[in-house]
Structures are given as structure tokens and as C-alpha cells.
Amino acid sequence: MTASIAQKRTDDTPISAPDSAIEVKNLSKTYKSAFGQPEKIALDNVSLSIPRGSFFALLGPNGAGKSTFINILAGLVMKTSGDAKIWGYDIEDQMRAARRAIGIVPQELNLDPFFTPRELLEVQAGLYGVPQSMRRTDEILDAVGLADKAKSYARTLSGGMRRRLLVAKAMVHSPKILVLDEPTAGVDIELRMQLWDYVRELNRMGTTVLLTTHYLEEAEELCDKVAIINKGNLIACDETKTLLNKMDAKELIITVAEPLEKAPDSLRGFGYNVTLLPGNSLSFQYSPSKVEIAKILELVNEAKLTITDLTTKESDLEDLFLRLTREDNAQHA
Ligand SMILES: Nc1ncnc2c1ncn2[C@@H]1O[C@H](COP(=O)(O)OP(=O)(O)O)[C@@H](O)[C@H]1O
Ligand SMILES: [Mg+2]
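Computed from a predicted structure; not experimentally measured. (Residues numbered from 1 in each chain as written. Chains lettered and ligands numbered in written order. Predicted model: local features only at pLDDT ≥ 70, side-chain atom pairs only at ≥ 80, totals over all residues. Heavy atoms only, no water.)

1. Remarks on the overall build of the chain
1) Next: Looking only at helices and strands, one finds eleven helices and 14 strands in the chain.
2) Next: Across its three principal axes, the chain shows a C-alpha extent of roughly 85 × 45 × 45 Å.
3) Next: Counting over 333 residues, the chain shows a buried share of 45%.
4) Next: Taking the contacts inside the chain whose residues are at least 6 apart along the sequence as the reference set, 70% of them involve residues at least 24 apart.
5) Next: Summing over all exposed atoms, the chain offers an accessible surface of approximately 17,600 Å²; the carbon and sulfur share of this is 52%.
6) Next: Placing the 40 positive and 46 negative side-chain charges of the chain at their respective mean positions leaves the two points 6 Å apart. (Helix = DSSP H or I, 4+ residues; strand = E, 2+ residues; numbered from the N terminus. Buried < 20%, exposed > 50% of the residue type's maximum accessible area, 1.4 Å probe, protein only. Contact = heavy atoms within 4.5 Å. Areas by Shrake-Rupley, 256 points an atom, 1.4 Å probe, with all protein chains shown as cover. Lys, Arg positive; Asp, Glu negative; His and termini not counted. Charge placed at Lys NZ, Arg CZ, Asp CG, Glu CD.)

Now the structure itself:
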């Protein structure tokens with residue numbers, strides 16, 4: 001009896017802001033074989049910590065295990081082994097507190113077609129015990145651009161609107177952590193911007209945001225930290241900037257006045273590749289740790305070429321993502 005009271009107290013005692021909003025240790029998930037399908041290892045010993053207050057991207061190709069990861073946190077999928085904590089609460093032993101700390105926008109569009117957006121948010125607020133005076137139904141509908149659809153049945157909403165309604169639904173209990181699984185798939189660009197403005201503002205106010213997205217540019221622009229998973233394995237996790245620096249790959253494009261048929265041999269050298277692009281431009285792909293830009297410019301001068309334009313390109317998340325998943329696939333082939 002005492003034990004169960006103690007247990008309950010632990011469950012309800014708020015933990016003062018933990019360093020990790022989400023902490024996952026050795027998390028594995030194997031889907032059992034069913035309907036003639038063999039069993040499937042969707043997550044393989046993933047350990048990951050998502051700092052409180054961060055804007056965190058979980059990236060990976062289709063089938064990598066992103067939704068499995070998120071659905072375990074949401075309590076929709078049972079883990080096979082390992083531990084997961086949300087805001088310091090164990091997702092199994094302290095399920096209620098863990099659930100209250102998190103708002104999840106699932107990838108699947110699962111909405112009751114006979115509810116209006118306003119009703120849906122009110123029901124959800126009721127489920128979480130949000131008192132009338134604390135409800136923010138209109139503010140949230142406005143933020144996701146659905147104020148004028150507040151009284152339309154969900155079944156009459158477009159795909160993009162339904163997705164935004166799911167975001168709204170995840171927000172009603174003002175969770176400390178907002179998780180979005182491919183939230184902008186099928187949402188047009190203007191509304192995507194509007195959605196990100198809102199989520200960014202929430203993040204500024206302290207909400208930790210975890211998102212999966214196919215738009216790597218989006219992740220690069222928004223997220224301060226990135227984890228990449230491939231075939232259920234974590235293959236990278238670091239600050240976005242650090243990961244990109246580690247790539248050690250840049251491109252210098254020099255346009256010259258003289259018509260060229262191929263890249264001059266005198267320009268070939270150690271630590272970079274040179275190719276001729278249309279428009280009389282030379283592309284130097286180089287490793288900043290091995291070659292200095294000045295050295296390349298010197299060679300161009302010595303070749304008696306007149307520079308008319310010059311640009312540099314940093315590697316982006318897309319390059320990193322492709323490189324890492326390719327290497328990992330080769331290793332596990
Ligand atoms: N309910 C399920 N039953 C069996 N296999 C599943 C189930 N859900 C996902 N999978 C498999 O697990 C792997 C990871 O899927 P998922 O987590 O949805 O990846 P992602 O979200 O990164 O695309 C895939 O191979 C997928 O086919
Ligand atoms: Mg998914």
C-alpha cells in the first residue's frame with residue numbers, strides 16, 4: 001500500500017527541468033513476423049539525448065525507424081528493449097507524467113471525420129484535464145491557419161489542413177516537448193512557413209522541439225542539433241554546425257573570361273578536384289583542411305586566366321546525409 005502511494009507520488013512530482021528533454025538508452029524494436037512478413041528490426045540499440053530547449057531533427061531515409069522511435073515515445077508502439085525517459089519520466093513506469101510532458105503530431109492523418117477543429121481541440125483539452133480558463137483553442141487555431149475552419153467538419157478539410165489540425169491537437173495541453181513526424185509533407189509552402197513561425201516561437205519560449213522531415217534544408221535552417229538514423233542505427237548525432245564542419249568539403253566556383261574546352265591541366269593538384277562547368281566556370285571541390293583557397297587562386301592566376309566571378313558553396317545537410325547513409329549502407333551491405 002505504502003509502496004503504491006510512494007509510486008504514485010513519484011509519478012506526479014514534477015521534476016525540475018531536466019537537462020535532457022528526451023533520453024533514450026539502448027532502445028530496440030523488432031516488429032514480430034505477421035501476415036507472411038518476416039520479423040523486422042526497426043530500431044537497433046539506439047541511445048540518444050535531446051537537450052531541453054533544443055530544436056532537434058531526426059533524419060533518415062524511408063524505413064529508417066523514425067516513426068517507430070516517435071511512436072514508442074507516444075506510447076503507440078511497445079519497445080522491445082531499452083529505456084526511454086520523457087522530461088525525466090520513464091515512459092512505462094511513469095507513463096502518465098511522461099505523456100503529459102509531450103505533444104505528438106503523428107505522421108498518419110488519423111482524425112475523427114465528424115468533429116470540427118474547435119470540437120476536436122476542446123475534447124483533447126478535456127482529455128488532458130486543461131481547465132476552461134487555461135484553454136487556448138482560438139489562439140492555436142489561428143496559429144495553424146484554421147481559424148476560419150473552426151466549425152467545419154474534419155472530413156471536409158484538405159490534407160494540408162488536417163495535418164495542421166493535428167499540430168493544433170498536439171498543442172492543447174501546452175506540452176514541454178513538441179514532436180512532429182513529417183509535419184510539412186503535403187503542406188504548401190506558405191502555410192509551411194506559417195507553421196514554422198509558430199513552432200519557432202514556441203521553441204523560443206522554451207518548448208523543446210523534435211521533428212523528422214524530408215526537407216533537409218528545413219532541418220538545416222531550423223534545427224540546432226541533428227541525429228541521423230539509417231536502418232534502425234544511429235549513425236550521427238551532433239550540433240548541425242559541427243556535423244557540417246566535419247564534412248570538410250567545400251566548393252569554389254570561378255568563372256573566367258577566356259573560353260575553355262576543358263579544365264587546364266596546370267590547375268590539377270592535390271586535395272581538390274577541378275571540373276569545367278557550362279558558362280566557362282571552373283568548379284573546385286576541395287577539403288578546407290588540406291587546401292587553402294589562396295593556393296587555388298594562385299594557380300588560376302599562373303594559368304593566365306581572368307576571373308570574372310567567384311562563389312563558394314558550403315556543404316549542406318543534404319550532402320552530409322547522402323554521404324553518411326551511403327557509407328552506412330556500404331558497410332551493412
Ligand atoms: N507495424 C509494423 N509492423 C511491421 N513492420 C513495421 C511496422 N511499422 C514499421 N515497420 C517497419 O519498420 C521499419 C521502420 O519503419 P518506420 O519507423 O515507419 O520508418 P520511417 O518513419 O523512418 O520511414 C520499416 O522497415 C517498416 O516497414
Ligand atoms: Mg515515418
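2. A look at the environment of valine 179
1) Next: Structurally, valine 179 is set in strand 7 (residues 177-181).
2) Next: Among the residues examined, valine 179 registers a relative accessible area of 0% and is labelled buried.
3) Next: Residues valine 179 and leucine 310, 131 residues apart in the sequence, show an inter-C-alpha distance of 41 Å.
4) Next: Apart from the residues within four sequence positions on either side, valine 179 is in contact with Ile70, Ile102, Gly103, Ile104, Val105 and Leu210.

3. Some words on the coordination of the magnesium ion (ligand 2)
1) Next: The magnesium ion (ligand 2) binds to the protein through Ser67 (OG) and Gln107 (OE1), with metal-donor distances spanning 2.1 Å. Placement of the pair is serine 67 in helix 2 (residues 66-74) and glutamine 107 in the loop between strand 6 (102-105) and helix 4 (117-127), with a sequence separation of 40 residues. (Donors = N, O, S within 2.8 Å, 3.2 Å for Na, K, Ca; no water.)

4. Quick look at the sheet that holds strand 14 (residues 307-314)
1) Next: Taking strand neighbours across the sheet as the criterion, the four strands line up as 12-13-11-14 in an open arrangement whose pairing is antiparallel. In this open sheet, the two edge strands, each paired with only one partner strand, are strand 12 (272-277) and strand 14. Across the sheet, the axes of successive neighbouring strands diverge by a mean angle of 20°, strand direction being ignored.
2) Next: Relative to strand 13 (residues 281-286), strand 11 (residues 250-256) runs antiparallel, the two being bridged by six bridges. Counterpart to leucine 252 in the pairing with strand 13 is phenylalanine 284. (Pairing = 2+ DSSP bridges. Axes fitted to C-alpha atoms, helices over the stretch in contact; angles between N-to-C directions.)

5. So, the packing of helix 4 against helix 6 (residues 159-171)
1) Next: Running from N to C, helix 4 and helix 6 point in directions that differ by 25°, and their axes come no closer than 9 Å. Between helix 4 and helix 6, the angle is such that the two are roughly parallel. Of the two possible hands of crossing, helix 4 and helix 6 adopt the one that is right-handed. Residue-level inspection shows Pro117, Leu120, Leu121 and Gln124 of helix 4 in contact with helix 6, the latter providing Leu165, Ala168 and Lys169. (Parallel < 35°, antiparallel > 145°, perpendicular 65-115°, else oblique. Left-handed = near helix turned anticlockwise from the far one by under 90°.)

6. Comments concerning the site of ligand 1
1) Next: Close to ligand 1 lie Tyr31, Lys40, Ala42, Pro61, Asn62, Gly63, Ala64, Gly65, Lys66, Ser67 and Thr68, which account for all nearby residues.
2) Next: Contacts to ligand 1 include tyrosine 31, whose side-chain N or O atom sits 3.5 Å from a nitrogen atom.
3) Next: In this structure, an oxygen atom belonging to ligand 1 sits 2.7 Å away from a main-chain N or O atom of glycine 63.
4) Next: Out of a free accessible area of 560 Å², ligand 1 has 62% covered by protein chains.
5) Next: When residues of the shell around ligand 1 are traced back to their parent elements, those giving at least two are strand 2 (40-51) and helix 2. (Near = heavy atom within 4 Å. Polar contact = N/O pair within 3.5 Å; in protein donor to acceptor, adjacent residues only side chain to side chain.)

7. Looking at the pairing of strand 12
1) Next: As judged from the six bridges shared by strand 12 and strand 13, these two strands associate in the antiparallel manner. Bridge pairing in strand 13 links tyrosine 272 to tyrosine 286.

8. What to know about helix 11 (residues 317-331)
1) Next: Here helix 11 spans 21 Å end to end across 15 residues, near enough to the 21 Å set by a 1.5 Å rise per residue.
2) Next: Close packing links the buried residues of helix 11 with strand 3 (55-59), helix 8 (216-222), strand 9 (225-230), strand 10 (233-239) and helix 9 (240-246). (Expected span 1.5 Å × (residues − 1).)

9. Points about the packing of aromatic side chains
1) Next: Across all of its chains, the model carries two aromatic pairs by this definition.
2) Next: Taking NZ or CZ as reference, arginine 192 lies 4.0 Å from the ring centre of tyrosine 215, over its face. (Phe/Tyr/Trp six-rings, centres within 6.5 Å; stacked < 30°, edge-to-face > 60°. Lys NZ or Arg CZ within 6 Å of the ring centre and 35° of its normal.)

10. A few points about the pattern of salt bridges
1) Next: All chains considered together, the criterion is met by 13 salt bridges.
2) Next: Residue glutamate 92 pairs with lysine 79 through a salt bridge whose shortest N-O separation is 3.6 Å. Of the two residues, glutamate 92 is situated in the loop between strand 5 (89-90) and helix 3 (95-100) and lysine 79 in the loop between helix 2 and strand 4 (81-86); the sequence distance between them amounts to 13 residues.
3) Next: Taking the relative accessible area as the measure of exposure, lysine 79 reaches 17% and is therefore buried.
4) Next: Two residues, arginine 200 and glutamate 221, come together in a salt bridge whose shortest N-O distance is 3.8 Å. Here arginine 200 is found in helix 7 (residues 189-204), whereas its partner glutamate 221 is found in helix 8, with 21 residues between them in sequence. (Salt bridge = Lys/Arg side-chain N within 4 Å of Asp/Glu carboxyl O.)

11. A word on the nonpolar core
Considering soluble globular proteins, one finds that nonpolar side chains tend to be buried as a cluster.
1) Next: In terms of nonpolar packing, the biggest core is built from 47 residues, with Phe55, Leu59, Leu180, Ile228, Leu317 and Leu320 touching the most fellow members.
2) Next: It is helix 6 that contributes the most residues to this core, seven residues altogether.
3) Next: Counting residues in hydrophobic clusters, the runner-up holds 32 residues, among them Val24, Ile86, Trp87 and Leu210. (Core = buried A, V, L, I, M, F, W, Y, C linked by side-chain atoms within 4.5 Å.)

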